[in-house]
Amino acid sequence: MESIVLIGFMGAGKTTISKELATTLNARVVDMDDVLVERIGQPISDYFEEHGEASFREHETNLLKEALNEESVIATGGGVILQKENQQVLSDKLVVYLKADANVLVKRIREDKVNVRPLAIKNDDGDLKRLFFSREKLYEKLAKITVDTSEKLPKDIVSEIIQQVEVAS
Ligand code: S3P
């Protein structure tokens, strides 16, 4: 199985869908944020505060290359597409863009009290939407497959991904 890389903004469903997709395909799953939290030894929001975003991005860039060494379903963090190096690495990979409406994304981000994103702390809803719009073209450009997650159940999203992967391969 070729690795499947899920990209998309915060709240797009990358973590949930990666787990369900990996279970369905009987594949290994790598949730990059989870691995990074383990590596940096603190919540991402604390790390941003103490060491800055640029340092987090370095860890993220290193981990992406590592994760791709083994076949897996990879849930990336929403900002992985920002680094030129990552854009290059992802250019020939099976990248699935989980897309959602900006209002849905902001609602999901605000409702997630367990995973409080650093960028959601310092940005209001309008800022978050602007951040999403500023990245949207990059997600679209890197995607081989796009699935809208705004109003669908995880099992239906997973079926749609599998169907589209079959068509694309
Ligand atoms: C980020 C998204 C987060 C996490 C970090 C930065 C971003 O991951 O990597 O807070 O820049 O969009 P999720 O997309 O899994 O929330």
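Just above sits the structure.
Position numbers for residues count from 1 along each chain, tracking the sequence in the order it is written. Where totals are concerned, whole chains, interfaces and linings use all residues; where local detail is concerned, this predicted model gives features only for residues with pLDDT of at least 70, and gives and counts side-chain atom pairs only at 80 or more. The basis for every side-chain value is the complete set of heavy atoms in the structure, and neither hydrogens nor water enter the calculation.

Trainee: Can you walk me through the environment of Asn115 in this structure?
Mentor: What counts as a helix is a DSSP run of H or I of at least four residues, what counts as a strand is a run of E of at least two, and both are numbered from the N terminus. One can find Asn115 in the loop between helix H6 (102-111) and helix H7 (118-122). Exposed residues in this analysis have more than 50% of their type's maximum accessible area, buried residues have under 20%, and partly exposed residues fall in between, with area computed by a 1.4 Å probe over protein chains only. The class of Asn115 is partly exposed, set by a relative accessible area of 34%. Separated by 72 residues in sequence, Asn115 and Pro43 have C-alpha atoms that sit 8.9 Å apart.

Trainee: Whenever I open this one, helix H1 (residues 14-25) confuses me. Can you help?
Mentor: Expected helix span is taken as 1.5 Å per residue step, with the number of steps being one fewer than the number of residues. A rise of 1.5 Å per residue sets the reference length of H1, with its 12 residues, at 16 Å; its end C-alpha atoms lie 16 Å apart and thus fit the reference within 8%. Where H1 is concerned, the buried positions are Lys14, Ile17, Ser18, Leu21 and Ala22. Along the long axis of H1, the arc covered by the buried residues comes to 130°, so they all point the same way. Two residues qualify as a contact provided that any one of their heavy atoms is within 4.5 Å of a heavy atom in the partner residue. Of the surrounding elements, those touching the buried residues of H1 are strand S1 (4-7), strand S2 (29-31), strand S3 (73-75), strand S4 (94-99) and helix H9 (154-168). Among the residues trailing H1, Asn26 stands out with phi positive, at a value near 55°. An arc is given here, and it is the one of the directions from the helix axis to the C-beta atoms.

Purely spatial values, then, with no claim about function.
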